[in-house]
Amino acid sequence: MQSKYIWINGKLMNGAEVQMPFLTPAVHYGMAVFEGIRCYRAVNGPAIFRLREHMERLLKSATVMGWRELPFTAGQLIEACVETVRANGHEECYIRPLIYLGAGGWNLNLDGGQAQVGIAVWQWNAYLGPEATENGVRANVSSYTRHHPNVSLTKSKVAGNYPNSVLAKTESVRLGFDEAIMLDTQGMVAECTGENIFLVRDGKLLTPPDAQILEGITRDTVMILARDMGMEVIAQPISRDQLYTADEVFVTGTAAEVVGLREIDFRTIGNGRTGPITRKLQQAYHASVRGELPRSAKWLTYVPSK
Ligand code: PMP
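Residues numbered from 1 in each chain as written. Predicted model: local features only at pLDDT ≥ 70, side-chain atom pairs only at ≥ 80, totals over all residues. Heavy atoms only, no water.

**A closer look at the site of the ligand**
Inclusion rule: Definition of nearness: a residue and a molecule or strand are near each other if at least one heavy atom of the residue lies within 4 Å of the molecule or strand. Any pair of N or O atoms that falls within 3.5 Å is considered a polar contact. Within protein, one atom must be able to donate a hydrogen and the other to accept it, and sequence-neighbouring residues count only if both atoms are side-chain atoms. Computed by Shrake-Rupley with a 1.4 Å probe, the accessible areas treat only the displayed protein chains as cover when residues are assessed. Per the convention used, a helix needs a DSSP run of H or I reaching at least four residues, while a strand needs a run of E reaching at least two, with both numbered from the N terminus. In this classification, the charged set is Asp, Glu, Lys and Arg, the nonpolar set is Ala, Val, Leu, Ile, Met, Phe, Trp, Tyr, Cys and Pro, and all remaining amino acids, among them Gly, are polar.
As a matter of local geometry, the ligand sits amid 16 residues, with Tyr162, Glu191, Ile217, Thr218 and Thr254 nearest to it. Lysine 157 is positioned such that a nitrogen or oxygen atom in its side chain is 2.9 Å from a nitrogen atom of the ligand. One of the side-chain N or O atoms of threonine 218 is found 2.6 Å from an oxygen atom in the ligand. In isolation the ligand has 390 Å² of accessible area, and contact with the protein removes 96% of it. For the shell around the ligand, the elements supplying multiple residues, two or more each, are helix H6 (217-228) and strand S14 (248-253). Residue composition of the shell around the ligand, grouped by class: three nonpolar, eight polar and five charged.

Below you can see the structure in the form of structure tokens.
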């Protein structure tokens, strides 16, 4: 994974020369909030999907963690993302902005520290494997519980929350699955390690309620697209066994996009392939990120050519 140019605190730098000092507090205490965003080859050229929403979530992540002042506004960071993609010359790429505790705060008091900001980009293809879109993937319910909001704030996309995802994902992959489904502290379905989850029942979409999950931007997009198709979408508590008996189950995320779960805990879901509603939403999502749907034009920020 390489980013030819990385934007650091307002300046584009040669990526090979950007080094993070060993004594960067973010590395020691996990105080770094980030986003995962994608740029797609859209109808009128490379375009970043829902960039403003991602930047607003990034700043909210920082607010949730207690940062009171940041060196850049959402508008400046939006411009910086465009500039970084353009400089790197990608038509399609993944974009990673990071606000991190760059100096100070060693006494665990954020107010003694200094926030710094970086943006890197790289090419990244099928996150859950090349056949995931077609065939769906296999998941299990993790032995690890998702964070409780009063332990580690689930609304912040903060680096320090991600060992929870890494534990679960590593365990699942070692067991031979592709992804882990995580339950919340009440034992209800929360989300996956880097995706939100939906189930299809009698033509309706069900998804866990907002309170304890990271409210994914892909989740929001899929909910809008499903309602556009006339589908009912309900956010409600979902139990593990409701997954087993669903007509279809799928996950959503910027990296994964829309991927069906064909098997959960050794139970075949639906017909054991990507189900028809998942397929329709997948196609609508792929069309929307490329600006092919009337509503999706406003979701794109085009990157001017060099
Ligand atoms: N849940 C978690 C824990 C995540 O890390 C992600 C990826 N950002 C998601 C859900 C999906 O969010 P989005 O659709 O905004 O990528």
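**Concerning the confidence of the model for the protein chain**
Defined as follows: Per-residue confidence from the predictor is reported as pLDDT, which spans 0 to 100.
Within the protein chain, residue pLDDT values average 96, and 100% of them lie at 70 or more. Interface predicted TM-score (ipTM) for the complex: 0.99; the corresponding pTM is 0.97.

**Things to note about the packing of helix H2 (residues 51-65) against helix H3 (residues 74-88)**
To keep it simple, the criterion reads: All axes are obtained by fitting lines to C-alpha atoms, using only the stretch in contact for helices, and the reported angles, taken between N-to-C directions, cover 0 to 180 degrees. Small angles under 35 degrees read as roughly parallel and large ones over 145 as roughly antiparallel, with 65 to 115 read as roughly perpendicular and the rest as oblique. The crossing is said to be left-handed when, going from far helix to near helix, the turn is anticlockwise and less than a right angle, and right-handed when the turn is clockwise. Any two residues having at least one pair of non-hydrogen atoms within 4.5 Å are treated as being in contact.
Between H2 and H3, the least distance of the axes is 10 Å, while the angle of their chain directions is 125°. With respect to each other, H2 and H3 are oriented oblique. Every pair of crossing elements has a handedness; the one defined by H2 and H3 is right-handed. Judged by residue contacts, Leu51, Arg52, Met55, Leu58 and Leu59 of H2 engage Ala74, Gly75, Leu77, Ile78, Cys81 and Val82 from H3. Of the residues contributing to the contact of H2 with H3, the split by class is nine nonpolar, one polar and one charged.

**Focus on a nonpolar patch on the surface**
The line we're drawing: Patches were defined on residues exceeding 30% relative accessible area and lacking a salt bridge, with like-charge contacts within 9 Å and nonpolar side-chain contacts (Val, Leu, Ile, Met, Phe, Trp, Tyr) within 5 Å. Salt bridge, as applied in this entry: a Lys or Arg side-chain nitrogen positioned within 4 Å of an Asp or Glu carboxyl oxygen.
Together, Phe22, Leu23, Tyr29, Trp106 and Leu108 line one region of the surface with nonpolar side chains, adding up to about 620 Å² of accessible area. Tracing the sequence through the fold places phenylalanine 22 in the loop between strand S2 (11-14) and helix H1 (25-29).

**Quick word on the state of the cysteines**
Definition in use: The term disulfide is used for any two cysteine sulfur atoms that are within 2.5 Å. Here's how the labels work: a residue is buried when its accessible area is under 20% of the maximum for its type, exposed when over 50%, partly exposed in between, all with a 1.4 Å probe on protein chains only.
The final tally for this structure, using the stated rule, is zero disulfides. With no disulfide of its own, cysteine 81 has cysteine 93 as its nearest cysteine by sulfur position, at a separation of 9.6 Å. Unpaired in terms of disulfides, cysteine 93 finds its nearest cysteine sulfur in cysteine 39, a separation of 4.7 Å. Here cysteine 93 falls in the buried class, since its relative accessible area comes to 4%.

**Quick word on the packing of aromatic side chains**
To be explicit about the condition: A pair of aromatic rings is counted whenever rings of Phe, Tyr or Trp (Trp by its six-membered ring) have centres within 6.5 Å, and the orientation is called stacked for planes under 30 degrees apart, edge-to-face for over 60 and tilted otherwise.
Using the criterion set out here, one finds 11 aromatic pairs in the structure. With centroids separated by 5.8 Å and ring planes inclined at 85°, the aromatic side chains of phenylalanine 49 and tyrosine 285 adopt a geometry described as edge-to-face. Of this pair, phenylalanine 49 sits in strand S5 (residues 45-49) while tyrosine 285 sits in helix H8 (residues 276-289), and the two are 236 residues apart along the sequence. Relative to tryptophan 122, the ring of tyrosine 94 has its centre 5.1 Å away and its plane inclined at 40°; by these criteria the two rings are tilted. Of this pair, tyrosine 94 sits in strand S6 (residues 93-104) while tryptophan 122 is found in strand S7 (residues 113-122), placing the two residues 28 residues apart along the sequence.

**A closer look at the pairing of strand S9 (residues 179-183)**
In plain terms, the rule: Two strands qualify as a pair provided DSSP detects at least 2 bridges between them. Looking down the strands as they point away from you, a crossover is right-handed if its path from the first strand over the helix to the second goes clockwise.
For S9, a buried count of five out of five residues is recorded, marking the element as mostly surrounded by other parts of the structure. The alternating pattern of S9 places Glu179, Ile181 and Leu183 on one face and Ala180 and Met182 on the opposite face, and all of these are buried. Alignment of strand S8 (residues 137-145) against S9, held across four bridges, turns out to be parallel. The residue of S9 that forms the bridge with threonine 145 is leucine 183. Read from S8 through helix H5 (residues 162-174) to S9, the crossover connection turns out right-handed. Two strands pair when backbone bridges link them, and S9 and strand S10 (residues 189-192) are joined in this way by three bridges, in the antiparallel orientation. Considered in S10, the bridge of leucine 183 is made with valine 189. Where S9 hands over to S10, the hairpin turn is made up of five residues, of which glycine 187 adopts a positive phi near 90°.

**Some points on the pattern of salt bridges**
Tallying each qualifying case throughout the model produces 16 salt bridges. Its salt-bridge partner being glutamate 35, residue arginine 57 comes within 2.8 Å of it at the nearest N-O pair. Pair noted here: arginine 57 is in helix H2 and glutamate 35 is in the loop between strand S3 (32-34) and strand S4 (37-42), with a separation of 22 residues, a long-range link. No difference in accessibility class separates arginine 57 from glutamate 35, as the two residues are buried.

**So, the side chain of arginine 57**
By relative accessible area, which is 12% here, arginine 57 ends up buried. Residues in contact with arginine 57, not counting those within four places in the same chain, are Glu35, Lys157, Leu214, Glu215, Gly216 and Ile217.

**Concerning the packing of H6 against H8**
Packing of H6 against H8 leaves a shortest axis separation of 10 Å and a crossing angle of 110°. Relative to H8, the element H6 lies roughly perpendicular. Along this stretch, H6 crosses H8, giving a crossing that reads as right-handed. In contact with Thr218, Thr221, Val222, Leu225 and Ala226 of H6, H8 contributes Leu281, Ala284, Tyr285 and Ser288. Looking at the contact of H6 with H8 residue by residue, the class counts come to six nonpolar, three polar and no charged.

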